[in-house]
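A structural walkthrough
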Amino acid sequence: MPGLYLLAILASAAGVAALDRRFRLAAFRSPRRTLLAVAAGTVFFLLWDAVGIAAGVFVKGGSDLLLGIDLAPHLPLEEPFFLAFLSYLAVVVWAVALRPGKEAR
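Residues numbered from 1 in each chain as written. Predicted model: local features only at pLDDT ≥ 70, side-chain atom pairs only at ≥ 80, totals over all residues. Heavy atoms only, no water.

Close contact between helix H1 (residues 4-23) and helix H3 (residues 78-98) brings their axes to 10 Å; oriented N to C, the two are set at 20°. As the angle between them shows, H1 and H3 are arranged roughly parallel. Relative to H3, H1 is oriented so that their crossing is left-handed. Facing Tyr 5, Leu 6, Ile 9, Leu 10, Ser 12, Ala 13, Val 16, Ala 17 and Asp 20 of H1, the residues of H3 in contact are Glu 78, Phe 81, Phe 82, Phe 85, Tyr 88, Leu 89 and Val 92. (Axes fitted to C-alpha atoms, helices over the stretch in contact; angles between N-to-C directions. Helix = DSSP H or I, 4+ residues; strand = E, 2+ residues; numbered from the N terminus. Parallel < 35°, antiparallel > 145°, perpendicular 65-115°, else oblique. Left-handed = near helix turned anticlockwise from the far one by under 90°. Contact = heavy atoms within 4.5 Å.)

As a further point, take H1. The first and last C-alpha atoms of H1 sit 29 Å apart over 20 residues, in line with the 28 Å expected at 1.5 Å per residue. Within H1 the residues assigned to the buried category are Leu 6, Ile 9, Ala 13, Val 16 and Asp 20. End-on view of H1: buried residues confined to an arc of 95°, all on one side of the axis. Seen from the open side of H1, the exposed residues pointing more than 90 degrees away from its buried face are Arg 21 and Arg 22. In this fold, the buried residues of H1 make contact with H3. Where H1 ends, the next residue or the one after it, Arg 24, has phi of about 45°, a positive value. (Expected span 1.5 Å × (residues − 1). Buried < 20%, exposed > 50% of the residue type's maximum accessible area, 1.4 Å probe, protein only. Arc of directions from axis to C-beta.)

Turning next to the packing of helix H2 (residues 31-54) against H3. Viewed as axis vectors pointing N to C, H2 and H3 meet at an angle of 135°, and their least axial separation amounts to 8 Å. As the angle between them shows, H2 and H3 are arranged oblique. Handedness of the H2/H3 crossing: right-handed. Each of Thr 34, Ala 37, Val 38, Gly 41, Thr 42, Phe 45, Leu 46 and Asp 49 in H2 lies in contact with H3, whose residues at this interface are Glu 79, Pro 80, Leu 83, Ala 84, Leu 86, Ser 87, Tyr 88 and Val 91. Looking at the contact of H2 with H3 residue by residue, the class counts come to 10 nonpolar, 4 polar and 2 charged. (Nonpolar A, V, L, I, M, F, W, Y, C, P; charged D, E, K, R; others polar.)

There is a patch of like positive charges on the surface, built from Arg 22, Arg 24, Arg 29, Arg 33 and Arg 99. Structurally, Arg 24 can be placed in the loop between H1 and H2. Take Arg 24: its relative accessible area is 45%, and that puts it in the partly exposed class. (Patch = residues over 30% accessible without salt bridge, like charges linked within 9 Å, V, L, I, M, F, W, Y side chains within 5 Å. Areas by Shrake-Rupley, 256 points an atom, 1.4 Å probe, with all protein chains shown as cover. Salt bridge = Lys/Arg side-chain N within 4 Å of Asp/Glu carboxyl O. Lys, Arg positive; Asp, Glu negative; His and termini not counted. Charge placed at Lys NZ, Arg CZ, Asp CG, Glu CD.)

This part covers H2. End to end, H2 covers 34 Å across 24 residues, agreeing with the expected 34 Å (1.5 Å per residue, within 8%). Looking at H2, one finds that the buried residues are Thr 34, Val 38, Gly 41, Thr 42, Asp 49 and Gly 52.

Given below as structure tokens:
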């Protein structure tokens, strides 16, 4: 089913955003800093992908779950969404790790 992979990424991002909102972890605590970190991570990983594609290390496999739209050779439309999700997830996990824990009684 075309588009299912993108739908899964967006649904996962919505779940992380819900946790972020509930516990004010990243974007709901410091939106500008979170946006900058997610943008920087996404750009970094897109450049990494470009180098890997140019070197012949990264190739796009065939899948009925992709929409079939390529932004560049071996770079499907879903890739920037996945990389943004990956970066956002990393920021949220980092925020959780920095939260002060509850002390045992």
